[in-house]
Amino acid sequence: MWQELIKNINGLIVAYQMLYSLNEEKRQVILAIDMEKLSAIVEREKKLMKQVMELEQQRQKILLPLAGDKRINKASDLLLLCPAEQKDAFNKANEQLSLLVEKTTKINENNMMLLQGALTAVNINLNKLTGIQAQPDYGKNGVQEFSQQKREYDFKA
């Protein structure tokens, strides 16, 4: 069972490495504002996330008989139950997975901030083009109100 758990964790490591690489690629695509490539990356990301979820479910099934009636909250709790001959492999794989998950989470958060910034820039430009402007205060219901300024464009360039 422990070998199966270590094999599962190694599968998660491979999946997270692929997710990290994909997020690096995603960052470049976001900066280039290439929506077609971004869409393709998001589809690949969905497939990888499905794979991660399946591996996580398998891991949970493997852990149930290993933990028995003991309550396991952390990997260190599980390490205490691990047979001596597999402790090193389990600990190494678990630490590698933890670091990779943290690294992948950070780059994903950075990408989300880049996307949010790009979306804000698009909204500002659209508002300028359409003449919509936020009022300096909130209305009676506590909701910010918008007004449209009249602009006349000279299309006879």
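So, how was this worked out
- Residues numbered from 1 in each chain as written.
- Predicted model: local features only at pLDDT ≥ 70, side-chain atom pairs only at ≥ 80, totals over all residues.
- Heavy atoms only, no water.
- Helix = DSSP H or I, 4+ residues; strand = E, 2+ residues; numbered from the N terminus.
- Expected span 1.5 Å × (residues − 1).
- Buried < 20%, exposed > 50% of the residue type's maximum accessible area, 1.4 Å probe, protein only.
- Salt bridge = Lys/Arg side-chain N within 4 Å of Asp/Glu carboxyl O.
- pLDDT = per-residue confidence, 0-100.
- 1 Å grid on protein atoms, 1.4 Å probe; cavity = no way out; pocket = protein on both sides within 12 Å on 5 of 7 lines; lining within 4 Å.
- Points joined across faces, edges and corners; volume = space filled by probe spheres on them.
- Nonpolar A, V, L, I, M, F, W, Y, C, P; charged D, E, K, R; others polar.

A. Helix α2 (residues 35-67), seen in detail. An ideal rise of 1.5 Å per residue puts 48 Å on 33 residues; α2 measures up with 46 Å between its terminal C-alpha atoms. Taken together, the buried positions of α2 are Leu38, Ile41, Glu45, Leu48, Val52, Leu55, Arg59, Ile62, Leu63, Leu66 and Ala67. Phi for Gly68, located one or two positions after α2, is positive at around 65°.

B. Expanded view of the pattern of salt bridges. For the structure shown, the criterion picks out 5 salt bridges. Here Glu45 and Lys26 are joined by a salt bridge, their closest N and O atoms 2.9 Å apart. Here Glu45, found in helix α2, pairs with Lys26, found in helix α1 (residues 2-32); they are 19 residues apart in sequence, far enough to count as distant. Lys26 shares its class with Glu45; the two are buried. Its salt-bridge partner being Arg59, residue Glu56 comes within 3.0 Å of it at the nearest N-O pair. Note that Glu56 and Arg59 are positioned in helix α2 at a spacing of 3 residues, about one turn of the helix.

C. The arrangement of the confidence of the model for the protein in detail. Summing up the model confidence of the protein, the mean pLDDT is 83 and the portion of residues at 70 or higher is 82%. At the level of individual helices and strands, the protein shows its lowest average pLDDT in strand β2 (residues 144-148), which scores 56, and its highest in α1, which scores 94.

D. Seen up close, the layout of surface pockets. In this structure, the largest pocket spans a volume of roughly 240 Å³. Lining the largest pocket are 16 residues; nearest its centre among them are Gln60, Leu63, Ala67, Ile72 and Leu78. At the level of elements, α1, α2, α3 (75-81) and α4 (84-130) are the ones that each hand at least two residues to the lining of the largest pocket. Of the residues forming the lining of the largest pocket, the biggest block, 5 residues, is contributed by α2. Per-class residue counts for the lining of the largest pocket are 9 nonpolar, 3 polar and 4 charged. In this structure, the second largest pocket spans a volume of roughly 190 Å³. Taken together, Ile30, Ile33, Met35, Leu38, Leu115, Ala118, Leu119, Ala121, Val122 and Asn125 make up the lining of the second largest pocket. Breaking the lining of the second largest pocket down by element, the ones donating at least two residues are α2 and α4. Residues belonging to the lining of the second largest pocket are distributed by class as follows: 9 nonpolar, 1 polar and no charged.

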